[in-house]
Amino acid sequence: MENLGIDIKLIVAQMVNFGIFYFVFMKFISAPLFKFLKKKKEEIELRDKLAIDLEHRNAQLEKKDKAMDKERKATLIKAIEESKKEALLVKETMIADAKKEADSLIESAKAQIQAERETMQKGMRKQIAEVGIMIVEKALHDYLTPQARKDITKYIIEHAPKVSL
Amino acid sequence: MIIEPQLKADLKAYLLERLKTKKVAKVVVKAPYLLDNAEIYMLKKRIKLLDKATIHKEVDISILAGCIIQFGSQVIDLSLNSELQTLEHILYETV
C-alpha cells in the first residue's frame, strides 16, 4: 500500500477529519442555513401572498371606488336635475306672482285714473254750473228794475205752496 | 237722581210762569224791498203761521226777487236766488 503511495493513516485521518467536518457542518452550519433559507422562503411566500392579497384588495377597492363614484355622479346628476326642476318651479311662481302684482297695480292705477277723471269732471261740472248761475245772477241783478222785482215777487208769492206750521 | 228742593221749586215756578204767559211768535220776512200790506196779506193766505205771529219786515238787497221767511230756526225760502240755486244743482247733475 505504501508502494502505491497510499497512506492508510493519512486516509483514516482524512476520513476522521471529513467525519468531524461533516458532523460540524451538519450540526452547526447546514441546519441553521436550511432553517434560514426555509424562513426566507416562507417570508417570500408570505410576501407574495400578501402582495396578491393587497392587489386583490386594491382591485376590490378600486371597483368599489368606481361604483361609489358612479353612484355619487348619479346622485349629483339627480340632485342637479331636482334643483333645476325646483328652480324652474320657483321661477314660474315668481313670474306668476310678479305678473299678478303687475296686473293688480295696473288695475289700481286704472281705477285711480278713472276716479281722478270723475273727480275732475265733477269739478268741471260744478264750476260750469256755478259760473253759469253767477253770470245769470249778475245779469239779473243789473237787469231787474224795481218794478220787475216787485212783479216777480208777487208772482212767487201767488204761486207759493200753502204751508201750515 | 236727587234734585235740590230749592231748584225744584224754582223750576216749577218758572214753568208755571211760562205756561201763563203766551208768547207771540216773531217772524222775519226779508225781501229786496219793503213788502206792502197787500203782499203780506197774500203771504198770510199761503202761510198760516203768519196770521198768529208778529211780522217783522226787512230789506235784503242780496235777494234778487221774492222773499225769505224766518221763524226761529226754520226758514221758508221763496226767493229767486233759491230757484237759481236749484237750477245750478240741476245743471251740475245733468251736464
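About the cut-offs
Residues numbered from 1 in each chain as written. Chains lettered and ligands numbered in written order. Predicted model: local features only at pLDDT ≥ 70, side-chain atom pairs only at ≥ 80, totals over all residues. Helix = DSSP H or I, 4+ residues; strand = E, 2+ residues; numbered from the N terminus. Buried ≥ 20, exposed ≤ 12 C-beta atoms within 10 Å, placed from the backbone. Contact = placed C-beta atoms within 7 Å. Pairing = 2+ DSSP bridges. Axes fitted to C-alpha atoms, helices over the stretch in contact; angles between N-to-C directions. pLDDT = per-residue confidence, 0-100. Core = buried A, V, L, I, M, F, W, Y, C linked by C-beta atoms within 7 Å. Parallel < 35°, antiparallel > 145°, perpendicular 65-115°, else oblique. Left-handed = near helix turned anticlockwise from the far one by under 90°. Nonpolar A, V, L, I, M, F, W, Y, C, P; charged D, E, K, R; others polar.

Asker: Please explain the overall build of chain B as it appears in this structure.
Answerer: A tally of regular secondary structure across chain B gives 4 helices and 4 strands. In chain B, the order of α-helices and β-strands from amino to carboxyl end is α-β-α-α-β-β-β-α. Among the 95 residues that make up chain B, the fraction classed as buried is 22%. Taking the contacts inside chain B whose residues are at least 6 apart along the sequence as the reference set, 61% of them involve residues at least 24 apart.

Asker: Can you help me understand the overall build of chain A in this one?
Answerer: Along the backbone of chain A there are 2 helices and 0 strands. With 165 residues in all, chain A has 1% of them scored as buried.

Asker: Help me out: how do you make sense of the sheet that holds strand E2 (residues 54-59) of chain B in this one?
Answerer: Working definition: the strands of a sheet are paired by backbone hydrogen bonds and lie parallel or antiparallel to each other. Residue and element names in this part refer to chain B. If you walk across this open sheet you meet the 4 strands as E2-E1-E3-E4, and the pairing is mixed. Edge positions in the open sheet fall to E2 and strand E4 (74-79), since each of these has one partner strand only. Between one strand and the next, the sheet's axes are offset by a mean angle of 15 degrees, whatever the strand orientation. Looking at chain direction, strand E3 (residues 66-71) and E4 are connected through 6 bridges and run antiparallel. Each residue of the ladder has a partner; that of phenylalanine 71, found in E4, is glutamine 74.

Asker: Explain the pairing of E2(B) to me, please; I cannot follow it from the model alone.
Answerer: A regular strand places its side chains so that they alternate between the two faces of the sheet. All names here are of chain B. In terms of residue burial, E2 counts as a barely covered element, since only 0 of its 6 residues are buried. Both strand E1 (residues 26-31) and E2 contribute to a ladder of 6 bridges, which runs parallel. Its bridge partner being in E2, alanine 31 is matched across the sheet by valine 59.

Asker: Just to check I follow, could you spell out the interface of chain B and chain A for this structure?
Answerer: Often, the extent of an interface is quoted as the loss of accessible area on bringing the components together. Taken residue by residue, the interface counts 24 residues in chain B and 26 residues in chain A. The set of elements that each furnish at least two residues to the side of chain B that touches chain A consists of helix H2 (37-46), E3, E4 and helix H4 (80-94) of chain B. The greatest single-element share of the side of chain B that touches chain A, amounting to 6 residues, is contributed by H4(B).

Asker: I keep staring at the pairing of E3(B) and nothing clicks. Help me out?
Answerer: Residue and element names in this part refer to chain B. For E1 and E3, the ladder comprises 4 bridges, and the chain directions are antiparallel. Bridge pairing links valine 29 to isoleucine 69 in E3. The hairpin formed by E3 and E4 contains 2 residues between the paired strands, and glycine 72 there has a positive phi angle of roughly 65 degrees.

Asker: What should I look at first to understand the confidence of the model for chain B in this one?
Answerer: When pLDDT is averaged along chain B, the result is 87, and 95% of the positions lie at 70 or above. The ipTM value of the predicted complex is 0.73, and its pTM value is 0.52.

Asker: It is not clear to me how the nonpolar core should be interpreted in this structure. Could you clarify?
Answerer: Side chains of nonpolar character tend, in soluble globular proteins, to be buried together. B:Val29, B:Ala31, B:Ile47, B:Cys67 and B:Ile69 are the most contacted members of the largest nonpolar core, which has 16 residues in total. Beyond its immediate chain neighbours, meaning those up to four positions away, B:Ala31 contacts A:Thr153, B:Val59, B:Asp60, B:Ile63 and B:Cys67.

Asker: Before we go on, may I ask you to explain the packing of helix H2 (residues 146-158) of chain A against H2(B) in this structure?
Answerer: For any two helices packed against each other, one specifies the inter-axial angle together with the distance between the axes. For the pair H2(A) and H2(B), interaxial distance at closest approach is 9 Å and the crossing angle is 20 degrees. With respect to H2(B), the element H2(A) is oriented roughly parallel. As for the relative orientation of H2(A) and H2(B), their crossing is left-handed in sense. Residue-level inspection shows A:Thr153, A:Lys154, A:Ile157 and A:Glu158 of H2(A) in contact with H2(B), the latter providing B:Glu39, B:Met42, B:Leu43 and B:Arg46. Class assignment for the residues of the contact of H2(A) with H2(B) results in 3 nonpolar, 1 polar and 4 charged.

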